Amino acid sequence: MKFLKRLGAAAVIALSASSWADNGITDTTVTLGMSAPFSGPNGAYGEDMRQTVERYFDQVNKGGGINGRKLQLVALDDGYETERTVANTRTLINDKKVFALLSFYGSSPTTEAMNTVFGPAGVPLVGTISGAATLRQPISANPNSRLMFHVRASYADETEAIVNQMVSIGLRSIAVFYQNDGFGKAGLEGVAAALKKHNLAPSAVGTVERNSLDVNAAVQAIAKSNPQAVVMVTLYKPTAAFVRAMKRAGQNPMFMTLSPVGTEQLVQELGPEARGIGISQVVPYPWNDIVPVVRDYQKLAAKAGSYSYYGLEAYLTARTMVEGLRRAGRDLSRDKLISSLESISNVDFGGYRVNYSPTARHGSRFVELTVIGPGGKVLR
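Residues numbered from 1 in each chain as written. Predicted model: local features only at pLDDT ≥ 70, side-chain atom pairs only at ≥ 80, totals over all residues. Heavy atoms only, no water.

J.: Describe the overall build of the protein chain, with residues and values.
T.: Per the secondary structure count, the protein chain includes 12 helices and 15 strands. What you see for the protein chain is a C-alpha radius of gyration of 22 Å, in line with the 21 Å of a compact globule of 380 residues. Overall, the protein chain is about 90 × 45 × 35 Å in size when its C-alpha atoms are taken along their principal axes. Counting only residues that meet the buried cut, the protein chain has 56% of its 380 residues in that class. Residue pairs at least 24 apart in sequence account for 69% of intrachain contacts in the protein chain once pairs closer than 6 positions are excluded. (Helix = DSSP H or I, 4+ residues; strand = E, 2+ residues; numbered from the N terminus. Rg over C-alpha atoms; globule rule 2.2 N^0.38 Å. Buried < 20%, exposed > 50% of the residue type's maximum accessible area, 1.4 Å probe, protein only. Contact = heavy atoms within 4.5 Å.)

J.: Explain the pairing of strand S8 (residues 229-233) to me, using residue names and the numbers behind them.
T.: The buried fraction of S8 amounts to 5 of the 5 residues, a majority that puts the element mostly inside the structure. Across the two faces of S8 the burial is the same, with Ala229, Val231 and Val233 and Val230 and Met232 all buried. Bridge count between strand S6 (residues 174-179) and S8: 5 bridges; the pairing is parallel. The residue of S8 that forms the bridge with Ile174 is Ala229. Where S8 lies against strand S9 (residues 254-257), 4 bridges are found, and the strand directions are parallel. Its bridge partner being in S9, Val230 is matched across the sheet by Phe255. Read from S8 through helix H8 (residues 236-248) to S9, the crossover connection turns out right-handed. (Pairing = 2+ DSSP bridges. Right-handed = clockwise from strand over helix to strand, strands pointing away.)

J.: Run through the sheet that holds S6, naming residues and quoting values.
T.: The strand order S7-S6-S8-S9-S10-S14-S15 describes an open sheet built from 7 strands, whose pairing is mixed. Strands with a single pairing partner mark the edges of an open sheet, and in this sheet they are strand S7 (205-208) and strand S15 (378-379). Where helix H9 (residues 263-270) meets the sheet, it contacts strand S10 (278-281), strand S14 (368-372) and S15, and its direction lies at approximately 160° from that of S10. (Axes fitted to C-alpha atoms, helices over the stretch in contact; angles between N-to-C directions.)

J.: Give a description of the packing of aromatic side chains that names residues and reports values.
T.: This structure, assessed with the given rule, holds 16 aromatic pairs. Seen in terms of ring centroids, Phe104 and Phe118 are 6.4 Å apart; in terms of plane orientation they differ by 75°. Their pairing is edge-to-face. Here Phe104, found in strand S3 (residues 100-105), pairs with Phe118, found in helix H4 (residues 107-121); they are 14 residues apart in sequence, far enough to count as distant. Taking the relative accessible area as the measure of exposure, Phe104 reaches 0% and is therefore buried. For the pair Trp287 and Tyr309, a centre-to-centre distance of 5.7 Å together with 80° between the ring planes defines the contact as edge-to-face. Of this pair, Trp287 sits in the loop between S10 and helix H10 (292-298) while Tyr309 sits in helix H11 (residues 309-328), and the two are 22 residues apart along the sequence. By the ring-pair criterion, three or more aromatic residues cluster together here, those being Tyr45, Tyr80, Tyr105, Tyr236 and Tyr310. One cation-aromatic arrangement involves Arg50 over Phe38; the distance from NZ or CZ to the ring centre is 4.1 Å. Note that Arg210 overlies the ring of Tyr80, its terminal NZ or CZ placed 4.9 Å from the centroid. (Phe/Tyr/Trp six-rings, centres within 6.5 Å; stacked < 30°, edge-to-face > 60°. Lys NZ or Arg CZ within 6 Å of the ring centre and 35° of its normal.)

J.: Describe the confidence of the model for the protein chain, listing the residues and the values that go with them.
T.: Averaged over every residue, the pLDDT of the protein chain is 93; the share at 70 or more is 95%. Here residues 1-19 is a poorly scored stretch, pLDDT under 50, and it has 3 contacts once near neighbours within four places are set aside; other chains count. (pLDDT = per-residue confidence, 0-100.)

J.: Run through the pattern of salt bridges, naming residues and quoting values.
T.: On inspection of all chains with the given rule, the structure shows 18 salt bridges. Of the charged contacts, one joins Arg244 and Glu273 as a salt bridge, the two residues approaching to 3.0 Å between their closest N and O atoms. With a gap of 29 residues between them, Arg244 in helix H8 and Glu273 in the loop between H9 and S10 connect regions that are remote in the sequence. Judged by its relative accessible area of 27%, Arg244 is partly exposed. The partner of Asp348 in a salt bridge is Arg353, and the shortest N-O contact between them spans 3.6 Å. Here the salt bridges do not stand alone but share partners, grouping Glu81, Asp181 and Arg210 into one network. (Salt bridge = Lys/Arg side-chain N within 4 Å of Asp/Glu carboxyl O.)

J.: Before we move on, could you go through the environment of Ala229 and cite the residues and values that matter?
T.: On the secondary structure map, Ala229 appears in strand S8. Of the residues examined, Ala229 reaches a relative accessible area of 0% and is grouped as buried. Note: C-alpha distance between Ala229 and Ser203 (26 residues apart in sequence) is 9.5 Å.

J.: Would you mind going over the sheet that holds strand S2 (residues 70-77) in detail, with residue names and values included?
T.: Here 5 strands make up an open sheet; going across it, the order is S2-S1-S3-S4-S5 and the pairing parallel. The sheet is open, and its two edges are formed by S2 and strand S5 (148-149), each paired on a single side. Pairing analysis gives 2 bridges linking strand S4 (residues 125-129) to S5, with the strands arranged parallel. Bridging from a neighbouring strand, Leu125 pairs with Met148 of S5. Strand contacts of helix H2 (residues 43-62): strand S1 (29-36), S2, S3 and S4, with the helix running at about 170° to S2, the strand carrying the most contacts.

Printed below as a string of structure tokens:
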């Protein structure tokens, strides 16, 4: 009898082990991985995202988890460097044994990680701070795209909204200041494509290297054209340096920038000089508690009023991952997670819709234009 009981127990253990063939799953936990900058000039972005994801996972875990499992997050610092992001992705999958990935950061880093690591490994990634076309190739053209589930609109969506607004108010001389990497080049291409629809082209172009504040050459190149407007496809520190340098050069065009700039960080960096800068946003206004999903996000904040666009985007990414896990059921696998995410068709999280299919990973096309007003307040 004792032998039979032991044999039965061994069978149960073996069955349990075979049921969770993919890494990162136990009877009681699911481990997810994240790579983002937590140090360096862009560390504020990653910290905001990580803290939001952790707070939301804590909330989910206190409510019983997902299908009886608690969520665990392993987050690694990549400093917004492509090589470190790729190395982190390998570490997360091979050493940390995570089940899936979420909330990565950056166009070039995520594209390289997708094509060399998590795509070939068959590990899905939900949400990255990037709207680059290199991450949005059709699955038929790049099978690795099957593993990348976007939550935000593309840079093409953002730049088209910006250009259409500028042209509608009579602006024709529009320059571009961009970061010399996948993010900046994607934005430059988006602006050029949007201008072409109006039979226009950039009046001047200037660039800055990633993680650099050397904007002098860009200012000289762009100031020569005396533009009516400049679209800045850069993060907050080079954006602030460029705006200040342009004003010192006697240039006061309309300044517009894309969502990755970090609205709150830009306001802190520029102070009163931030007034009048326009920013395209890819998630709803984080201070509008009338929108249900925003109200839910605000409940996670460390203190009332400490909200941000990056925080809200991280929350929406985590919500999307949790919805996929919930739909995948108790008998969890990566293939089931992929299929369950594909079943998220025009799902409304309470004022923000996410839409996937077996052939589409775009997620959302939500874009809203904002401007920084007096006292650093973001106005819509």
